[in-house]
Structure formats: C-alpha cells, structure tokens
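Structure at a glance
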Amino acid sequence: MIENYGILTLLPAALVIALAIMTKRTTEPLLVGCIASYVIIYGWNFLQPLVDCLFSVITDYDNAWLILVCGLFGSLIALLNASRGTHTIANLIGKVCKTGKSTLLMSWILGIIIFIDDYMNIMTISSCMQKNSDENKVPREALAYVIDSTGAPACVILPFSTWAIFYAGAFYEQSAVQALGYGNAMSTYVHTVPFMFYAIVALAIVPMFICGLIPQVGAMKQAYQRAAKTGQVYSADSAQYNQEETAASENKSAHVIDFVIPMLLLIVVTVWLDDILLAILAAIVACIVLYIPRKLVSMQEFCELWIKGFADMVPSLVIIVAALMMRQASNDLNLPDYVVKLVMPYIGRHSFPAVAFLVVSILAFITGSNWGIPAVCAPIIIPLGSAVGTNLLLVMAAIVSGGVFSSHACFYSDATVMTSSSCKIENMEHVVTQMPYALLALGISFFAYLVCGCVI
C-alpha cells in the first residue's frame, strides 16, 4: 500500500521553490528539499536514508549516463575551442549574422534544424553562436533563452528525435492508446504533434521576441540595458565562468573541418546507435585524429583539455545530482501519485486535457523530471481520460507538453543547467530572464487545451 503523507507531501517542493527565489541559488534549495522530504518520511532518523538516496542516484545507470554525457560534452567543447574550429565556424556565420537580431534568428533556425537531441542542440548552438552573439553585444541571457527554447520544443515536434522515440513507446504501452487504431507507436505519436501546444507556442514566441513584437521584460530587459550601457554581455556574477576567454589566441592552422567533422560524426553516430554518449566519445576520437597529427594541440594538451573541459562542467553536474536526489525524494514521498489522484477525479471531459497539462507541468517542474513524471503519470492520466471520454490525442499531447515546460522552465532541469553552463552564465540568471516567456507560453497553451477540450 502506498503511504500518504497528506498536505506535507507538498512542503519540500514549496521550500525548494521559495528558497530558490529568495537566494537565487540552485543547489542549496534542492538539498534542503531533499532533507525536508526524508524528515517527513523518517523523522529524525533521516540521515541514513538521505545518504542512501545519494548513493542510489549516483550508482543508477541512467543517472551515471547523464553525468558522463554532460561532463564529456564539456571535454568536447574544450577541444573544439582549443582547435579554434568553433571560431572558424563563427567567422563564417558572422558574414551572414551582422546584427544581434540576425544572430539570434540564426540560433533559432539552427535549434530547429538540430532536432535529434536536446543536449546536442544546446551544446552545438552555444559553441557556434556565442562568439557572434558577443560581438553583436547580445546579452548571454538572451542567447541562452533562444537556445533553451529550441531544445526540447523542437525535439518533440519533429519525429525521430530522442524525445519522440521515448514518448511514443511510453504511450503505446496503454491499451486505450492502441485502441485508437493508428497502427504503431510512432504513427500514433505523429497524430499528437499538432496538439503539442507548449512546444509550438514556445518556438513561435522566440522570433517574436527577437523582432520586438514581444517586449523585453523584467530581468531580460535589465540584461539588454546592461549590454547597451557597458558593453558587458554577461553580469559580474557570471564573469567567473569567462576568465579564460581573453587568453585564447588565434591558431592559423585551424580550419572549418576541425569543427564540422567532430560535430557531423556526433550527429551520425547518435542517429545510427541512438546513444549520444557513444557519439560524444566518437567525436572526441575524431578530435584526436584531426588535431594531434597537425599539431593543433599536443597529446599532453589534449589530455589536459579533456580533464579541464570535464572539470568546467562540475558546477552543473553538482546541480544535476542535487536535482536527481530531489526527484528521488519526491518519488519516495509519492508526490506524483498524491497530486494526480487528488486532482483528476474531479475533472470533467472538456477540462481534462488542460488540467492534465497543468498537473504534469507542475509535477515535472517540482521534480525536474522531464521524462520520468510524464512516464509515471501516463498510466494514470490516460485511462482516466478514456473513462471520461476526452480526446486521447489531446491528453497525450498535454502530457508531453508538460514535460517540455519542465525542461524549458525548471531551474534545475538538465536542459536548463546545460544551457546556462554552455552559455557561461549563472544558472538562476538564465532562469529569471526566460521565465516570463515560458509562463506566457504556459498560459497560452493552457487556454488552447481548454478550448480544444471543448470542441474536439
């Protein structure tokens, strides 16, 4: 029997969000949330379960895979930067992107083109566009917003991405979904794409923001004012992540292939083997073959760069580990089950998709679980939706949209952390600058599900 902790189930999540807003920090509120969760479950004997949670998180295969992917992405980016391959690409792009608007629009377009995986999307675009963005005095916060807004949203809209494959399989396990009669998992998923309102709206808001149709507000407006007045594309708090940039020197032997071949291999191996970790390792091997014989870097420098790039990702990896611990603690508190069973029985046919979207969005935001929460909620929400007679395509799209919102907006989701790290700014600066636009997309999407639930 699942133990119910009542309203206390929501306390750790509330603590995390409140402390993050007050302190503008990420790791510490997550750890406080973990401790609060295990105090609720075990009382003053919480310490051992907390340690067990840490070991469970870091020894889990999927979590270890995520940590290695993030760390090795840092190694790959360090190698690409040292070869000056990223700078040659930036110089080519700079011939087209001569203004801040064109630079951000190019970032948005690349984000849609590189739809296979959101991690690849984030790391590739930040490497390509950061130099041009800085030269055109675009705040790093704006670049990070554009990159984050085209990560998961592009992946769910375009099939054959890692997101599409995961969700297609998760949904097709439900007998009610198979009964729709679309033939197979991917075909069923494709029919839900027109209703993935959050992903569609989040992508559409970006060019409107770039062109000024949607104004700069709040912290984003302040970031643009700072860049205009001082020329600083990042804040004083983010300066610590950018100290090495002035030390880089031009390497006359660098060529566009030094960037293109490793990144092309990264894409090909990801598509071929469906494992981005193996793809990153293949790209790093390509760097060895390309750089060392041509003396772009020595073997010693190569090893040092590998380690340094991984080490540069450590602050982000700490946040990710803390987020994974919070996710585990929330599961141990039975948070998803508590919220879904509390809300769903009181929802009617017409409002069901909108409420399902909101519930999954909130749960995924609280736990930072972009795939886990939707996968846990689907076996509960889909049968309930079928029972009340609502459109299941809308319900499935709402579940995916909730996961996309979390990936985009949650301040400790892996995508958010990777975006702030790759753009070399403080994580909470990225969060507060993009949050108004994420909430705008959330509101529009909720209304869209409400309307469609009444007419479809």
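The paragraphs below set out a description of the structure included in this document. Per-chain numbering applies: the sequence of each chain, read as written, is numbered from 1 onward. Local features in a predicted model are, by the rule used here, given only for residues with pLDDT of at least 70; side-chain atom pairs are given and counted only at 80 or more, and totals for whole chains, interfaces and linings are based on all residues. Here the side-chain values reflect all heavy atoms present in the structure, with hydrogen atoms and water set aside.

So, on to empty space enclosed by the protein. The distinction between a cavity and a pocket rests on a 1 Å grid over the protein atoms alone: a 1.4 Å probe fits inside a cavity but cannot get out, while a pocket stays open yet meets protein on both sides within 12 Å along at least five of seven lines, and a residue with an atom within 4 Å of a point counts as lining. Grid points are joined across faces, edges and corners, and a volume is the space filled by probe spheres set on the points. Enumeration over the complete set of coordinates arrives at one cavity of 30 Å³ or more. Volume-wise, the largest cavity comes out at about 50 Å³. Per-element accounting of the lining of the largest cavity gives the leading share, four residues, to helix H18 (residues 314-332). Residues are grouped as follows: Ala, Val, Leu, Ile, Met, Phe, Trp, Tyr, Cys and Pro are nonpolar; Asp, Glu, Lys and Arg are charged; all remaining types, including Gly, are polar. Among the residues making up the lining of the largest cavity, the classes are represented as five nonpolar, two polar and two charged. Helix and strand labels come from DSSP, where a helix needs a run of H or I of at least four residues and a strand needs a run of E of at least two; each type is numbered from the N terminus.

This part covers the environment of Ile147. Structurally, Ile147 is set in helix H8 (residues 140-149). Sequence separation between Ile147 and Gly6 is 141 residues; the distance between their C-alpha atoms is 39 Å. Throughout, a contact is declared for two residues whenever any of their heavy atoms are within 4.5 Å. If we skip the residues at most four places from it in the chain, Ile147 touches Asn121, Ile122, Ile125, Ser126, Thr419 and Cys423.

Quick look at the environment of Val355 now. Along the polypeptide, Val355 turns up in helix H20 (residues 352-367). The class for Val355 is buried, based on a relative accessible area of 17%. In the structure, Val355 is positioned 18 residues away from Asp337 in sequence and 15 Å away in space, judged by C-alpha atoms. Burial classes follow relative accessibility: with a 1.4 Å probe on protein chains only, a residue under 20% of its type's maximum area counts as buried, one over 50% as exposed, and anything between as partly exposed.

Each Phe, Tyr or Trp ring, with Trp reduced to its six-membered ring, pairs with another whose centre is within 6.5 Å; inter-plane angles below 30 degrees give stacked pairs, above 60 give edge-to-face pairs, and intermediate values give tilted ones. Tallied over the full model, the rule gives 16 aromatic pairs. Judged by centre distance (4.7 Å) and plane angle (65 degrees), the rings of Phe197 and Tyr449 are edge-to-face. With Phe197 in helix H13 (residues 197-210) and Tyr449 in helix H24 (residues 427-455), this pair connects stretches of sequence that are 252 residues apart. You'll find Phe197 and Tyr449 in the same group, each marked buried.

Even without being a glycine, Lys137 presents a positive backbone phi close to 60 degrees. Tracing the sequence through the fold places Lys137 in the loop between helix H7 (118-135) and H8. Under the relative-accessibility criterion, Lys137 is labelled partly exposed at 47%. Even without being a glycine, Lys295 presents a positive backbone phi close to 60 degrees. Residue placement: Lys295 occurs in the loop between helix H16 (276-291) and helix H17 (299-312).

So, about the pattern of salt bridges. A pairing counts as a salt bridge when a side-chain nitrogen of Lys or Arg comes within 4 Å of a carboxyl oxygen of Asp or Glu. Counted by the stated rule, this structure contains six salt bridges. A salt bridge links Arg140 to Asp134; the shortest N-O distance between them is 2.8 Å. Judged on exposure class, the residue Arg140 and its partner Asp134 are both buried. A salt bridge links Arg294 to Asp258, with the nearest nitrogen and oxygen atoms 2.4 Å apart. In this pair, Arg294 sits in the loop between H16 and H17 while Asp258 sits in helix H15 (residues 257-273), placing the two residues 36 residues apart along the sequence. In this structure Arg294 comes out as partly exposed when scored by relative accessible area, which is 34%. A residue is classified by how much of its surface remains accessible, and Asp258, at 0% relative accessible area, is buried.

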